[in-house]
Amino acid sequence: MDLIGYIDSKREEHLNELKEFLRIPSVSATSEHKKDIERAAHWVAEKLRAAGLENIEITPTKMHPVVYGESLHAPGKPTVLFYGHYDVQPAEPLDLWTSPAFEPTVRAGNLFGRGTADDKGQVHIHIKALEALQNATGGLPVNIKVIVEGEEEIGSVNLWEFMTKNRERLKSNALIVSDTSMLAKGVPSITYGLRGLNYYQVELTGPAQDLHSGVFGGAVPNPLTILSEMIAKLHDKNFRVTVPDFYKDVAQISPAERKALHRLPWKEKEFRKTVGAAALCGEKGYSIVEQLWTRPTMEVNGMWGGYIGEGAKTVIPSKAYAKLSTRLVPAQNPAKIAKLVERHIRALLPKSVRCDFQVLSTGKPWVAPYTDPIFQKAIHSLEKGFEKKAVFIREGGSIPFVTQMHDAFKVPCVLLGFGLPDENAHAPDEHISLDNYFGGIKSIALFYQALAA
Ligand code: BES
Ligand code: MN
Ligand code: MN
């Protein structure tokens, strides 16, 4: 049977197997899922073995294990490194899911469940593409090394140590990643730029302990009020971040790139529909696509403190907390930005509160030219797999490993994404389009064949 016929004949089987993967609640953020993380790592290792990969290893790290496998039987052919992650974001709030997060369910051509698009579904696309090549063509056309990690959603904290320890062994001619989205349904895309991410936590302390708000209110600092005032000052009326020198190192995109970005089949109406807010906001002077892909931001990811249970409790909290993050673009330096942000936040706070400022993770932005011939092979494979024209895009999300690999190994990084912008990654009702899932398997199998040609 030919390759595409083989892949088509396995649709049911592939889908059922993916569901099995999705039923493992491999949430990396919370320690209660440690066992599930281990199970997911073993599941991946097992499927890599079934796809014909060898020297499978599950390497423990300070947190979650890295799964490795390889097949090096194509002398004279390129060696590629595939990277993906088996960990997922927490599924909360659970009551907002139409079907339970870890009970994958097909509805209207989509598979719903945590990790469907980000990133288990996309990892599975690659495993099944490799297996199809083994079974339908008698072997892999290229040399391949695979790493699937379990800490991407918490910043890939321990992966780099694994990489540096295995530097020689992980050498390759290109990095292949499927952990991004297409521009839109029917527009297969290759991502050539990602934003970086710094994540911060702020803890403010007012009074030494919680206080009766009647007995003490009026004379003592309320850290929640002070936190809110501080956060409200992080943007100006043009939605620019007020941190001094925040924009100093930001590279302006070239007129040619701006033109190319604006020629993409990107529809503002679709974007508005996906967002579902009454109106959009954004940095003045930049189009939405420019805001999303080429401009840095400051976001409040969460804030809490005081009493949030049922009914009323009259209290002045001792503590107030916020989780903040900045998306970064070339050529901002994460360490430098973290210092600027901390200094600004401290400057905005009155003496009446103490501030503990923590940087939870940092990651550099990435953008790279797509001039290497491998990118044309990738475009052609996507076009064959989906029978649609493929495009080059940038994206606003972050994948720490891509930047690190690009810096350390200077290899082309080919990001072929099979998610869609409205598939609710990190949110309730995450899903993947079955067309993209099956089309993805074909495209990746064709891509690996093209690499050998
Ligand atoms: N797959 C995403 C990154 C992504 C999503 C890139 C959409 C491009 C388009 C990844 O799993 C992710 O969520 N990364 C985190 C970064 C991390 C350091 C927690 C992110 O972007 O918030
Ligand atoms: Mn991801
Ligand atoms: Mn993610």
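The structure contained in this document is the topic of the report that follows. Computed from a prediction, not measured in an experiment: that's the story for all the values here.

It is worth spelling out the packing of helix H12 (residues 373-386) against helix H14 (residues 434-452) at this point. As a packed pair, H12 and H14 sit with axes 8 Å apart at the nearest point and diverge in direction by 140°. What the angle tells us is that H12 and H14 run oblique. Crossing of H12 against H14: the hand is right-handed. Of the residues in H14, those touching H12 at Ile 374, Lys 377, Ala 378, Ser 381, Leu 382, Lys 384, Gly 385 and Phe 386 are Asp 435, Asn 436, Gly 439, Gly 440, Lys 442, Ser 443, Leu 446, Phe 447, Ala 450 and Leu 451. Across the contact of H12 with H14, the residue classes tally to eight nonpolar, six polar and four charged.

By nearness alone, 16 residues border ligand 1, and Glu 152, Asp 179, Arg 327, Ser 398 and His 426 come closest of all. Between ligand 1 and Glu 152, the relevant distance is 2.6 Å, taken from an oxygen atom to a side-chain nitrogen or oxygen of the residue. In the model, an oxygen atom of ligand 1 is placed 2.8 Å from a nitrogen or oxygen of the His 426 side chain. A total of 520 Å² of accessible area belongs to ligand 1 in isolation, and the protein chains cover 85% of it. Tallied by class, the residues present in the shell around ligand 1 amount to four nonpolar, six polar and six charged.

Strand order in the open sheet formed by four strands is E11-E13-E9-E14, with antiparallel pairing between adjacent strands. Both edges of this open sheet fall to strand E11 (297-305) and strand E14 (354-363), since each of them pairs with a single strand only. For this sheet, the mean angle separating the axes of adjacent strands, direction not counted, is 15°. In this sheet, strand E13 (residues 319-328) lies alongside strand E9 (residues 196-205) in antiparallel orientation, the contact comprising ten bridges. Residue Thr 205 lies in a different strand from E13, and its bridge partner there is Lys 319.

Taken together, Asp 118 (OD), Glu 153 (OE), Glu 153 (OE) and His 426 (NE2) make up the full set of protein donors to the manganese ion (ligand 3), lying 2.1 to 2.5 Å away. Here the manganese ion (ligand 3) is ringed by six donor atoms whose angles at the metal span 56 to 157°, and the overall shape comes out irregular. Within one chain, the residues donating to the manganese ion (ligand 3) are spaced in sequence as D-x34-E-x272-H. In this structure the manganese ion (ligand 2) is found 3.6 Å away from the manganese ion (ligand 3), and Asp 118 serves as a bridging donor for the pair. You can see Asp 118 sitting in the loop between strand E5 (110-112) and helix H4 (120-137) and its partner Glu 153 sitting in the loop between strand E6 (143-149) and helix H5 (159-165), a full 35 residues away along the chain. In this pair, the class of Asp 118 matches that of Glu 153, namely buried.

Spatially, E4-E5-E18 is the arrangement adopted by the three strands of the open sheet, whose pairing is antiparallel. Each having just a single partner strand, strand E4 (105-107) and strand E18 (431-433) make up the two edges of the open sheet. Put simply, the sheet's adjacent strands are angled 25° from each other on average, direction ignored. Docked against the sheet, helix H2 (residues 11-22) engages E4 and E5, running at close to 25° with respect to E5. Along the sheet face, H14 touches E4, E5 and E18 and points at about 65° away from the line of E18.

This brings us to the coordination of the manganese ion (ligand 2). The manganese ion (ligand 2) binds to the protein through His 85 (NE2), Asp 118 (OD), Asp 179 (OD) and Asp 179 (OD); the donor distances cover 2.0 to 2.5 Å. For the manganese ion (ligand 2), the six donor atoms in the first shell make angles of 56 to 164° at the metal, so the coordination geometry reads as irregular. Mapped onto the sequence, the donors of the manganese ion (ligand 2) take the spacing H-x32-D-x60-D.

Within this model, the second largest pocket holds a volume of roughly 280 Å³. If you trace the second largest pocket, you find 17 residues lining it, with Gly 385, Phe 386, Glu 387, Asp 435 and Gly 439 closest to the centre. Those elements that provide at least two residues to the lining of the second largest pocket are helix H1 (3-9), H12 and H14. At six residues, the largest contribution of residues to the lining of the second largest pocket is made by H14.

On to the side chain of Gln 89. Among the structural elements, Gln 89 can be located in the loop between strand E3 (79-85) and E4. Of the polar contacts made by the side chain of Gln 89, one reaches the side chain of Glu 153; its length is 2.8 Å. Among residues more than four places away in sequence, those in contact with Gln 89 are Val 27, Arg 114, Glu 153 and His 426.

So, on to the pattern of salt bridges. A complete count under the given rule lists 22 salt bridges for this structure. The partner of Lys 128 in a salt bridge is Glu 131, and the shortest N-O contact between them spans 3.2 Å. One end of the pair, Lys 128, and the other, Glu 131, are both in helix H4, three residues apart, so they sit about a helical turn from each other. Owing to a relative accessible area of 11%, Glu 131 belongs among the buried residues under this scheme. Note that Glu 283 and Arg 295 form a salt bridge whose closest N and O atoms lie 2.6 Å from each other. One end of the pair, Glu 283, is in the loop between helix H9 (268-275) and helix H10 (288-294); the other, Arg 295, is in the loop between H10 and E11, and twelve residues separate them in sequence. Put simply, Glu 17, Lys 128 and Glu 131 are held in one network by salt bridges that share partners.

Rules used throughout
- Residues numbered from 1 in each chain as written.
- Chains lettered and ligands numbered in written order.
- Predicted model: local features only at pLDDT ≥ 70, side-chain atom pairs only at ≥ 80, totals over all residues.
- Heavy atoms only, no water.
- Axes fitted to C-alpha atoms, helices over the stretch in contact; angles between N-to-C directions.
- Helix = DSSP H or I, 4+ residues; strand = E, 2+ residues; numbered from the N terminus.
- Parallel < 35°, antiparallel > 145°, perpendicular 65-115°, else oblique.
- Left-handed = near helix turned anticlockwise from the far one by under 90°.
- Contact = heavy atoms within 4.5 Å.
- Nonpolar A, V, L, I, M, F, W, Y, C, P; charged D, E, K, R; others polar.
- Near = heavy atom within 4 Å.
- Polar contact = N/O pair within 3.5 Å; in protein donor to acceptor, adjacent residues only side chain to side chain.
- Areas by Shrake-Rupley, 256 points an atom, 1.4 Å probe, with all protein chains shown as cover.
- Pairing = 2+ DSSP bridges.
- Donors = N, O, S within 2.8 Å, 3.2 Å for Na, K, Ca; no water.
- Tetrahedral: all angles 85-135°; square planar, octahedral: opposite > 155°, others 65-115°.
- Buried < 20%, exposed > 50% of the residue type's maximum accessible area, 1.4 Å probe, protein only.
- 1 Å grid on protein atoms, 1.4 Å probe; cavity = no way out; pocket = protein on both sides within 12 Å on 5 of 7 lines; lining within 4 Å.
- Points joined across faces, edges and corners; volume = space filled by probe spheres on them.
- Salt bridge = Lys/Arg side-chain N within 4 Å of Asp/Glu carboxyl O.

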